[in-house]
Number of protein chains: 2
Amino acid sequence: MTPAKKKSVRKKKATAKPTAKRKKAAPKKAAPKATRKSAPRTIATADSMARQQREISVSEFFTKNRHLLGFDSPTKALLTTIKEAVDNSLDACEEAGILPDLTVEIKLIAENRYKVIVQDNGPGIVREQIPRIFGKLLYGSKFHRLRQSRGQQGIGISAAGMYGQLTTGKPVEIESRINKRKPAQYFQLVIDTLKNEPVIKREREVEWDAAHGTRVSIELEGTYKRGKHGVEAYLRQTALANPHVDLTYQGPGEEPVHFERASKDLPEEALEIKPHPYGVEVGMLLRMMKETKSRQLKGFFQSEFSRVGPKAATSIIEGTGLQNTTSPRRVVPEKAELLVKNIRKTRIPAPPTDCLSPIGEERLLASLRQQIPGAGYYEAVTRPPSVYRGNPFQIEVGLAYGGGIAGDELTTLMRFANRVPLQYQQGACATFKAVMATNWRSYGIQQSRGALPTAPMTLMVHIASVWVPFTSESKEAVASYDEIIKEMKLALQESGRKLGRYIRRGQRERDEAKKRAYIEKYIPHIGIALQEILGLSEAQEKKVVDTLTDTLERSRKM
Amino acid sequence: MTPAKKKSVRKKKATAKPTAKRKKAAPKKAAPKATRKSAPRTIATADSMARQQREISVSEFFTKNRHLLGFDSPTKALLTTIKEAVDNSLDACEEAGILPDLTVEIKLIAENRYKVIVQDNGPGIVREQIPRIFGKLLYGSKFHRLRQSRGQQGIGISAAGMYGQLTTGKPVEIESRINKRKPAQYFQLVIDTLKNEPVIKREREVEWDAAHGTRVSIELEGTYKRGKHGVEAYLRQTALANPHVDLTYQGPGEEPVHFERASKDLPEEALEIKPHPYGVEVGMLLRMMKETKSRQLKGFFQSEFSRVGPKAATSIIEGTGLQNTTSPRRVVPEKAELLVKNIRKTRIPAPPTDCLSPIGEERLLASLRQQIPGAGYYEAVTRPPSVYRGNPFQIEVGLAYGGGIAGDELTTLMRFANRVPLQYQQGACATFKAVMATNWRSYGIQQSRGALPTAPMTLMVHIASVWVPFTSESKEAVASYDEIIKEMKLALQESGRKLGRYIRRGQRERDEAKKRAYIEKYIPHIGIALQEILGLSEAQEKKVVDTLTDTLERSRKM
């Protein structure tokens, strides 16, 4: 646009009422007023601005911020949709104690348009819940519980449906059956994005051959890519971190791929826990005291927190001027502050760790050997559980080095959170920062400033937690809490030290060979050059070469 | 916890009813059932899971996910609080055509507890709006408008208040006055996080010496740090990207710092625009057609989109089976798809760019010279506006190189979005990715694989847009849309090429000198060594040295 045109556009606006006072009479539009010589400026007032204030529904917010949910490119949109559906299926199966059988299918509908169909043998979803689970953001069963699970926000699958609806106008389709005695339910749903509420387009009972399970179909605009960041690679990593899953995948126009179940054991059950007092702050405590069913403060601490016995509860209350029998609802903010201070002074055991279900060193090693065959060295470390903001978490690191892995590339980093592979935003991830902050040189591995180590190495880092702090709703990277980075570094250092010993053993031998090779390669040329310059005889040349070689060999050994 | 203890905890749970069938009779608790020999497992069913389903309020969501808003560490929390308040003040002043006078104060209240006070001379906020603006997430005036502004989400300042409330239990305090004829209003507010609604703790009229303005005070747990990532450094960068701002800062127990106004011109006004048709998708179009006041399709396209004239509107409708006079509300999804296809085939001019207000090459250069004095070379590039997903945006790059800047460190990257400095999450930012993806070697600058260029260089990258796509609600990094990365790379390449010419000029001279120095340094030693080995005379030695020097000089020049 040329400056002349621009000016004329602004002039047009400037024909409205000229002063703020007059504007009051016609409050529909903020009146412009010339403040600069050249361009008339639209001047807002507190009143005109107040009229612009509006509530933003969470679905409007995420429609505009779809990249926060992992829908910023057509390739990612397709993968995210599958990821959300698979996460839900696996969580549901495990919660119901069912060994998961999953099928994932992608059908090409038209150019850049696909239908994603994910089906499981899970417990199914009761009819009344289906619309909200698939047609409302921020609705779910996992947010309010402290328990290790893949989903936690109540956003993922409905966001995938919303993305499909936005790009194609098509509703989400769901079929679900909860047991043999009941028929399967079929739904077509869209989200009313202005209200963040589901709208049922169709609903009926349908035939279903299995006794229980759920099937979700979403049509969306997307791009299908193969390779390292493709759907198949993602599902392969999922199968590796979840050896108890049987998964069949059919890409558009491709042969089906079957990832067979490698273990018939479900992962150790992750139990639900209460919050740990060390993670509580004044505001949170005030809210908990308002909502509790406990009538006495002492009972409140014992029943609403993990690891608080009668002694700890008494010690928390002591010296605050409150009594063990005080009603929690009556505690004012100033007293709550004193309680929090006392909590931090009271010795309370670490939270129980049976809420966590790590992969385990043995399975991690097995996965590595399967995923990266032919490496020269494998290593796996599972750290003991730790705590950030009162939330238990546990770090695992796996490592494959050398052998068949190519030599002078940057290290490959594979990231997992609660057994879910993380595919994007590596640079923003705590795992990445922990790898960067580890001193790899001291283990005999090269590393440029600000880069991953340069080594024939694949690193796997897994965080298991009752609440993984992701850097965005798309759950692509883990936020950098100090406690988490610290544990990751400890795990990396532990595996690094072991790797260092392996490398140094080999390094000494290779160094010897390499230096010898250099001397053998270059000395004869120097001999020939000197022979020409000085006109040496062959015997003289040989003597020079031998003497130089000898000198250099000796200096090399020093 | 020892395995033995763990087992006993689980056993306790296992005393409930044993099968899924019986559980129906007592539906309050999911019944556990032994699936593995050793550990009894809690088995959920569709029914027990349905009872866990709950709605999650957006304030609950962000309480648990506070790192998404920039409150993951006490240091960041303090800075984010100031950032949100300052952003709001600057937006309000500019919208009202007022040259901003800001004061920012941080008071130490107790150990790790501060009070942040930000005051502006803006238009003030009308009484009725104060509670929702400061006490409700997802409420604001900027989300629904396509217009360049610092704030856009309606989350920031209320999130800062919520964080204060969570960590200290204290309400947010607001004073605001809209003009001389009305008294100032004072509020104390907290958020009911379960409902995401403001609760007014106190409200009264107060004395206020200025005619208009707003003052917000938030008490919070935080850590105060000086230096590169400190508050003062942040405000200094803010002043640099906003030369029209006068800002006084007083840190805890520090002398006040005054950033004087460098320019009395407000930035070029950024006008509000309509969405561009190229950014519209089927779902969005359907919603717009449902909400429009236009009664005819042709008028709808002309009035609801930017750059659509009668000809383009007709061409969009043609061949879909719809008429120019069809009511937009009657268009079904299948027809909307055809309309979107036609939009993509129709030639429509790029969106107007008077919605953008870049810093400009001259001001950018001036800022660089002020911020990084003593560099050997300065460069600034403002790209022409471009579009992603229908949203206009514009990239600017500034560069300072050599001279007083230290030599072998990684390049310093300064990032800005709509004139706001971005301090965290560099690795996740499109600016960072664009810098990494630029081939700096071809401009004579070293770069390790996967790292920023190693050079005495500071890069500034600014994106101005009606809607900056941030990677999280904390607005710390720009999402990597292809169109944005592309424009950033073009800007970086343009400045890189110019820098390359500057470097090569200097490089040739330095290379000459360096090589000559090497030859002068080493050849005499080789001469002496050869003299000893071969028993050469001094004359012979001189001849060898001369010949070698000559040969090397010649090869150097090739």
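Scroll up to find the structure.
Residues numbered from 1 in each chain as written. Chains lettered and ligands numbered in written order. Predicted model: local features only at pLDDT ≥ 70, side-chain atom pairs only at ≥ 80, totals over all residues.

Draft legend 1. Structural view of the sheet that holds strand β9 (residues 197-206) of chain A. Residues and elements named next belong to chain A. The strand order across the open sheet built from eight strands is β9-β8-β7-β10-β5-β4-β11-β12, with neighbouring strands paired in mixed fashion. With one partner strand each, in any of the chains shown, β9 and β12 (257-259) form the two edges of the open sheet. Averaged over neighbouring strand pairs, the angle between their axes works out to 15° when direction is ignored. Two strands pair when backbone bridges link them, and strand β11 (residues 246-250) and β12 are joined in this way by three bridges, in the antiparallel orientation. Across the sheet, the residue bridging to leucine 247 is phenylalanine 259, located in β12. Along the sheet, helix α5 (residues 74-95) contacts β4 (101-110), β5 (113-120) and β10 (213-221); its crossing angle with β5, the most-contacted strand, is approximately 10°. (Pairing = 2+ DSSP bridges. Helix = DSSP H or I, 4+ residues; strand = E, 2+ residues; numbered from the N terminus. Axes fitted to C-alpha atoms, helices over the stretch in contact; angles between N-to-C directions. Contact = placed C-beta atoms within 7 Å.)

Draft legend 2. Quick look at the relation of the copies chain A and chain B. Of the transformation superimposing chain A on chain B, the axial component is 0.1 Å and the angular component is 180°, with the fit at an RMSD of 0.9 Å. What the rotation and shift describe, once combined, is the action of a two-fold rotation axis. The fraction of interface residues of chain A whose copies in chain B are also interface residues reaches 99%, indicating that both copies meet through the same surface. (Least-squares fit on C-alpha atoms with pLDDT ≥ 70 in both.)

Draft legend 3. Fine view of the sheet that holds strand β11 (residues 246-250) of chain B. Residues and elements named next belong to chain B. Taken together, eight strands build an open sheet; the order of strands is β9-β8-β7-β10-β5-β4-β11-β12 and the sheet is mixed. The open sheet is flanked by β9 (197-206) and β12 (257-259), the only strands paired with a single partner. Across the sheet, the mean angle from the axis of one strand to that of its neighbour is 15°, orientation sign disregarded. Here eight bridges tie strand β5 (residues 113-120) to strand β10 (residues 213-221), and the two strands are oriented antiparallel to one another.

Draft legend 4. Geometry of the interface of chain A and chain B. Taken together, the 84 residues of chain A in the interface contact 84 residues of chain B. Considering every element that reaches the side of chain A that touches chain B, the biggest residue donor is helix α9 (residues 282-291) of chain A, with five residues. Sheet topology note: the strand β3 (residues 54-55) of chain A/strand β6 (residues 139-140) of chain B ladder contains two bridges and is antiparallel. Paired with A:Arg54 across the strands is B:Gly140, a residue of β6(B).

Take it as geometry only, folks, not as evidence of what the structure does.
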